[in-house]
Amino acid sequence: NAGVMQNPRHLVRRRGQEARLRCSPMKGHSHVYWYRQLPEEGLKFMVYLQKENIIDESGMPKERFSAEFPKEGPSILRIQQVVRGDSAAYFCASSPAGFRAGSPLHFGNGTRLTVT
Amino acid sequence: DAKTTQPTSMDCAEGRAANLPCNHSTISGNEYVYWYRQIHSQGPQYIIHGLKNNETNEMASLIITEDRKSSTLILPHATLRDTAVYYCIVRVMNRDDKIIFGKGTRLHILP
């Protein structure tokens, strides 16, 4: 049973380019969460999605960042016009039910974004 | 969600039991205690959770005091691969409140 798959594992972008991070949840999981970890800092919640719906995006920066989880295919975290401060590890997690049910989150190994 | 307090770092000798404390003195009756860990360069990994009874699984044991104001995660025979940051989180069920990670305890297993 494959775990949460994130790709690419490493992504390098120049300032002003777009970054697309993909997350395939575990089989049977319809809830996806994105967290960001800046260098030497803790994990910060960004967004919680259930198939085709954004449930909580309170941790998403107001501009340049967007997330989706379509009916078919992986969840995508999109960062437009990247800046150096976006350099971080982005982790995706999934669960069979949402935060409400208390299901443990299963995390992928992250995408490390470097903005040059 | 209630706040938790954990030591910043701890050392433990390989092969010994690692006991990681967590203080959650303001925990309410419907809040669970969760433990995750993050090994360097990897995503966080769920370890265990409980409400008031002690819990054990293949990874660890969770001991919650009777008043529920504190808990201890026990790794019975620590190995070098257990070196990680360990996060204690308390959260209520039946609400869509996000899981918030604090600073955790950096556990060093010494050979």
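Refer to the structure above for everything that follows.
These remarks concern the structure in this document.

Reading guide: rules and limits
Residues numbered from 1 in each chain as written. Chains lettered and ligands numbered in written order. Predicted model: local features only at pLDDT ≥ 70, side-chain atom pairs only at ≥ 80, totals over all residues. Heavy atoms only, no water. Helix = DSSP H or I, 4+ residues; strand = E, 2+ residues; numbered from the N terminus. Buried < 20%, exposed > 50% of the residue type's maximum accessible area, 1.4 Å probe, protein only. Lys, Arg positive; Asp, Glu negative; His and termini not counted. Charge placed at Lys NZ, Arg CZ, Asp CG, Glu CD. Polar contact = N/O pair within 3.5 Å; in protein donor to acceptor, adjacent residues only side chain to side chain. Contact = heavy atoms within 4.5 Å. Buried area = accessible area lost by both parts, 1.4 Å probe. Salt bridge = Lys/Arg side-chain N within 4 Å of Asp/Glu carboxyl O. Nonpolar A, V, L, I, M, F, W, Y, C, P; charged D, E, K, R; others polar. Pairing = 2+ DSSP bridges. Axes fitted to C-alpha atoms, helices over the stretch in contact; angles between N-to-C directions. Disulfide = S-S within 2.5 Å.

**A word on the overall build of chain A**
Turning to step 1, where the next piece is worked out: Across its full length, chain A holds 0 helices and 11 strands.
Turning to step 2, where the next piece is worked out: Along chain A, helices (α) and strands (β) appear in the sequence β-β-β-β-β-β-β-β-β-β-β when read from the amino end.
Turning to step 3, where the next piece is worked out: Residue burial in chain A is summarised as follows: out of 116 residues, 47% are buried.
Turning to step 4, where the next piece is worked out: Chain A carries 17 positive and 10 negative side-chain charges, and their two centres are separated by 5 Å.

**A word on the side chain of D82(B)**
Residues and elements named next belong to chain B.
Turning to step 1, where the next piece is worked out: Looking at the secondary structure, you find D82 in the loop between strand 7 (70–75) and strand 8 (84–92).
Turning to step 2, where the next piece is worked out: Its relative accessible area of 11% is what places D82 among the buried residues.
Turning to step 3, where the next piece is worked out: A distance of 2.8 Å separates polar atoms of two side chains, one belonging to D82 and the other to R37.

**Examining the interface of chain B and chain A**
For an interface, size is often stated in terms of accessible area lost upon the parts coming together.
Turning to step 1, where the next piece is worked out: Opposite the 18 residues of chain B that make contact, chain A presents 20 residues.
Turning to step 2, where the next piece is worked out: Interface area lost by chain B to chain A is led by D96(B), K98(B) and F101(B), which between them contribute 32%.
Turning to step 3, where the next piece is worked out: The tally of links from chain B across to chain A stands at 1 salt bridge.
Turning to step 4, where the next piece is worked out: Notably, a salt bridge pairs K98(B) with D56(A), separated by 3.9 Å at the nearest N-O pair.
Turning to step 5, where the next piece is worked out: For the side of chain B that touches chain A, the secondary-structure elements that each account for two or more residues are strand 3 (31–38) and strand 8 of chain B.
Turning to step 6, where the next piece is worked out: In terms of residue count, the dominant contributor to the side of chain B that touches chain A is strand 3 of chain B (3 residues).
Turning to step 7, where the next piece is worked out: For the side of chain B that touches chain A, the per-class residue count stands at 8 nonpolar, 5 polar and 5 charged.

**A few points about the pairing of strand 4 (residues 45–50) of chain B**
All names here are of chain B.
Turning to step 1, where the next piece is worked out: Relative to strand 4, strand 3 runs antiparallel, the two sharing 5 bridges. Within the sheet, the bridge partner assigned to Y36 lies in strand 4 and is Y46.
Turning to step 2, where the next piece is worked out: Counting the residues between successive antiparallel strands, the hairpin from strand 3 to strand 4 contains 6 residues, one of them, S41, with a positive phi of roughly 70°.

**As for the sheet that holds strand 8 (residues 75–79) of chain A**
Residues and elements named next belong to chain A.
Turning to step 1, where the next piece is worked out: Strand order across the open sheet formed by 4 strands is 1-3-8-7, with antiparallel pairing between neighbours. Only two strands of the sheet have a single partner each, and these edge strands are strand 1 (5–7) and strand 7 (65–68). Taking the axes of each pair of neighbouring strands and ignoring which way they run, one obtains an average angle of 15° across the sheet.
Turning to step 2, where the next piece is worked out: Of the strand pairs in this sheet, strand 1 and strand 3 (residues 19–24) are connected by 3 bridges, and their pairing is antiparallel.

**A look at the state of the cysteines**
Such a bond, covalent and formed between the sulfur atoms of two cysteines, is termed a disulfide.
Turning to step 1, where the next piece is worked out: The final tally for this structure, using the stated rule, is 2 disulfides over all chains.
Turning to step 2, where the next piece is worked out: Linked covalently through their sulfurs, C23(A) and C92(A) form a disulfide whose S-S length is 1.8 Å. The disulfide joining C23(A) to C92(A) has a torsion of about -60° about its S-S bond and is therefore left-handed. Here C23(A), found in strand 3, pairs with C92(A), found in strand 9 (residues 88–95); they are 69 residues apart in sequence, far enough to count as distant.
Turning to step 3, where the next piece is worked out: In this structure C12(B) is not part of a disulfide, and its nearest cysteine sulfur, from C22(B), lies 18 Å away.

**Quick word on the environment of G108(A)**
Turning to step 1, where the next piece is worked out: Mapped onto the elements, G108(A) comes out in the loop between strand 10 (106–107) and strand 11 (111–115).
Turning to step 2, where the next piece is worked out: Residues G108(A) and G98(A), spaced 10 residues apart in sequence, show a C-alpha to C-alpha distance of 17 Å.
Turning to step 3, where the next piece is worked out: In contact with G108(A), not counting residues within four places along its chain, are V4(A), Q6(A), F91(A), C92(A) and G43(B).

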